[in-house]
Amino acid sequence: HVIIIGSGCAGLFVAQGLKKRGISYSIHDKTNPAHRPRDWSMTMFWSFRYYPQLLPDDLLARAHEAQVRPWYRATETEEMVLRNTETGEVLKKVNSPYAVRVHRAGLRKLLLDGIDVQYNHELVGIEYTSSGVIAHFSDGTSEEGSNIIGADGGQSFVRRMLLGPRAEPETFPQYEMANLSVRYTHEQGKYIAETMTPHVDYGVHPKGIFFIMLYRNAIDKDDYSIWTFHFVITFPKELPGKPFRGQSNANRLSVLRSLADNFAEPRRSALKWMPEDQEVPNDSIRVWVPTEWDNHEGRITLAGDAAHAISFHRGQGMNNATVDCAHFVTAMDKVNAGEETMANAVSEYEKEVISRGTYESSLSRQLTLTIHEWDRFLDSPIMKYGGNLAREIENFNPGKGEGHAPAAVEVAAR
């Protein structure tokens, strides 16, 4: 019986994978993520190959429901375009076969199908027994299981219980960050949508400003007034000449608008046209490069952002989380079949997760630092690999770094 902590996308992927295999599980969360007001989009591409290990056939057939454009069917020619946002010049095009954008709320809604989450269950303690583990919750209840998997995000409580101060993610106070969901009038939205690259419009300004343009929710392909655009902007703290962090929402909006004339279209208009009541969250960039933890002979482990907090500049967080989930449920299948002990199965799972997570989080950390310095950005991981699986590209085509996946990822995306 596996106790899953966290009902975000990673926790639900684990639950679906265990359910598919007939393995007993329960899933717990301190709050219902559906009640959180914020949403964002994510790219799913090379991790699609793991969907059949995690999802039943009926959910595989409905995977398009989580897309930001549910009416769109991805092709083998999907691409990310990297631009100089001062001039609009295309620096590189990176092919990502069958890649799609999903929104967090839509993917979570899909993955909730048939899963019973126990909400208001905040984990407060873990007790290790001779036969497994007991999870204790803030409401006074407890549950006994064979092991616990912490899939509770980048600020994971389970990780903190395992590692104490070593669990704290690294932050980057030298950079400001705004993660925006923006709505426009029909005419404005139509202009922006028709001017930007539809899959991923990735932009960097020579002054060190990162500005990615994405769709977050585009339900009706013809009514742009109900589209929500997803922009992420990061820039050096001193660049605007006035404070961003700690300011009122109106002042943060003013700071972003003050940057508009630095950009070519459509970014210039996208900033100038933001409505007066536009919410401008003041977020932080966080990275946690994994380190080994004591899994108490397989009784406790981590997955997703809890196991490796990867900065978003290369878009690897959800893809790597999906792979974690697939490998974990495969490990539990071996235990359930008597092919492996829990201790051996979890330890082998963790070796791969930590190795891959260290590589990807370190690569993304490098990009976070180089993307704000123009000359270094031109030789950065995003220019070499795009968002594709860097290790796979290196092994397939060593030394060339073309940024093309060696095999099209077609499962579920079709």
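What you see is a predicted model, and the numbers here were worked out from it, not measured in a lab. (Residues numbered from 1 in each chain as written. Predicted model: local features only at pLDDT ≥ 70, side-chain atom pairs only at ≥ 80, totals over all residues. Heavy atoms only, no water.)

S.K.: Help me understand unusual backbone geometry in this model?
M.R.: The phi torsion of most residues other than glycine is negative, and most of the peptide bonds are trans. Here E265 and P266 are connected by a cis peptide whose omega angle stands at 5°. Position of P266 among the secondary structure elements: in the loop between α7 (249-258) and α8 (267-272). One non-glycine residue, N120, lies in positive phi territory at about 60°. Structurally, N120 is set in the loop between β7 (117-118) and β8 (123-128). Its identity is not glycine, yet H296 carries a phi of approximately 50°, on the positive side. Looking at the secondary structure, you find H296 in the loop between β17 (286-287) and β18 (300-302). For H296, a relative accessible area of 26% gives the class partly exposed. (Helix = DSSP H or I, 4+ residues; strand = E, 2+ residues; numbered from the N terminus. Buried < 20%, exposed > 50% of the residue type's maximum accessible area, 1.4 Å probe, protein only.)

S.K.: Which parts of the structure should I look at to understand the environment of Y128?
M.R.: Checked against the element boundaries, Y128 lands in strand β8. Separated by 84 residues in sequence, Y128 and M44 have C-alpha atoms that sit 36 Å apart. Apart from the residues lying within four places of it in its own chain, the contact partners of Y128 are V133, L162, H296, R299 and I300. (Contact = heavy atoms within 4.5 Å.)

S.K.: Even after reading the chapter, I still don't get the side chain of N32, so can you show me in this structure?
M.R.: Along the chain, N32 turns up in the loop between β2 (25-28) and β3 (41-44). Excluding residues that lie within four positions of it along the chain, N32 makes contacts with R108 and Y119.

S.K.: Can you help me understand the pairing of β3 in this one?
M.R.: The two faces of the sheet receive side chains in turn, since in a regular strand these alternate between them. The two faces of β3 match: S41 and T43 on one face and M42 and M44 on the other face are all buried. Pairing of β3 with strand β6 (residues 100-103), which is carried by four bridges, proceeds in the antiparallel orientation. Its bridge partner lying in β6, M44 is registered against V100. (Pairing = 2+ DSSP bridges.)

S.K.: How should I be thinking about the pattern of salt bridges in this particular structure?
M.R.: Proximity of charged atoms lets side chains of opposite charge pair with each other. Counted according to the given criterion, the structure contains 19 salt bridges. Salt-bridge contacts for D39 lead to R104; the nearest nitrogen and oxygen are separated by 3.9 Å. Here D39 is found in the loop between β2 and β3, whereas its partner R104 is found in helix α4 (residues 104-111), with 65 residues between them in sequence. According to the relative accessible area criterion, R104 is buried, its value standing at 10%. R267 serves as the salt-bridge partner of D201, at 2.9 Å between the closest nitrogen and oxygen. Remark: R267 occurs in helix α8 and D201 occurs in strand β14 (residues 200-205); sequence separation between them is 66 residues. The residues D201 and R267 share a single accessibility class, namely buried. A single network of salt bridges, built from pairs that share partners, joins D39, R104 and R216. (Salt bridge = Lys/Arg side-chain N within 4 Å of Asp/Glu carboxyl O.)

S.K.: What should I look at first to understand the layout of surface pockets in this one?
M.R.: A water-sized probe, rolled over the atoms, reveals where empty space remains. If you add up the space inside the second largest pocket, you get close to 210 Å³. Together, 13 residues line the second largest pocket, and R38, S181, R216, Q278 and E279 are the ones closest to its centre. Among the elements that line the lining of the second largest pocket, the one with the most residues is strand β13 (residues 175-182), at three residues. In the lining of the second largest pocket, the residues fall into five nonpolar, three polar and five charged. (1 Å grid on protein atoms, 1.4 Å probe; cavity = no way out; pocket = protein on both sides within 12 Å on 5 of 7 lines; lining within 4 Å. Points joined across faces, edges and corners; volume = space filled by probe spheres on them. Nonpolar A, V, L, I, M, F, W, Y, C, P; charged D, E, K, R; others polar.)

S.K.: Is there a simple way to think about α7 in this case?
M.R.: Note: α-helices contain 3.6 residues per turn, so residues at a spacing of three or four share the same orientation. Within α7, burial applies to R252, L253, V255 and L256. Projected onto a plane normal to the axis of α7, the buried residues spread over an arc of 155° and lie on a single side. Contacts made by the buried residues of α7 are with β13, β16 (228-236) and α8. (Arc of directions from axis to C-beta.)

S.K.: Mind showing me how you'd approach the packing of aromatic side chains here?
M.R.: For the structure on display, the rule yields 17 aromatic pairs. Ring geometry for Y184 and F229: centres 5.7 Å apart, planes at 70°, overall edge-to-face. With Y184 in the loop between β13 and α6 (186-195) and F229 in strand β16, this pair connects stretches of sequence that are 45 residues apart. For the pair shown, Y184 and F229 are each scored as buried. Members of the aromatic cluster, connected to one another through ring pairs, are Y184, F211, Y215, Y224, W227, F229, F231 and F263. Between R69 and the ring centre of Y72, over which it is positioned, the NZ or CZ distance is 4.1 Å. (Phe/Tyr/Trp six-rings, centres within 6.5 Å; stacked < 30°, edge-to-face > 60°. Lys NZ or Arg CZ within 6 Å of the ring centre and 35° of its normal.)

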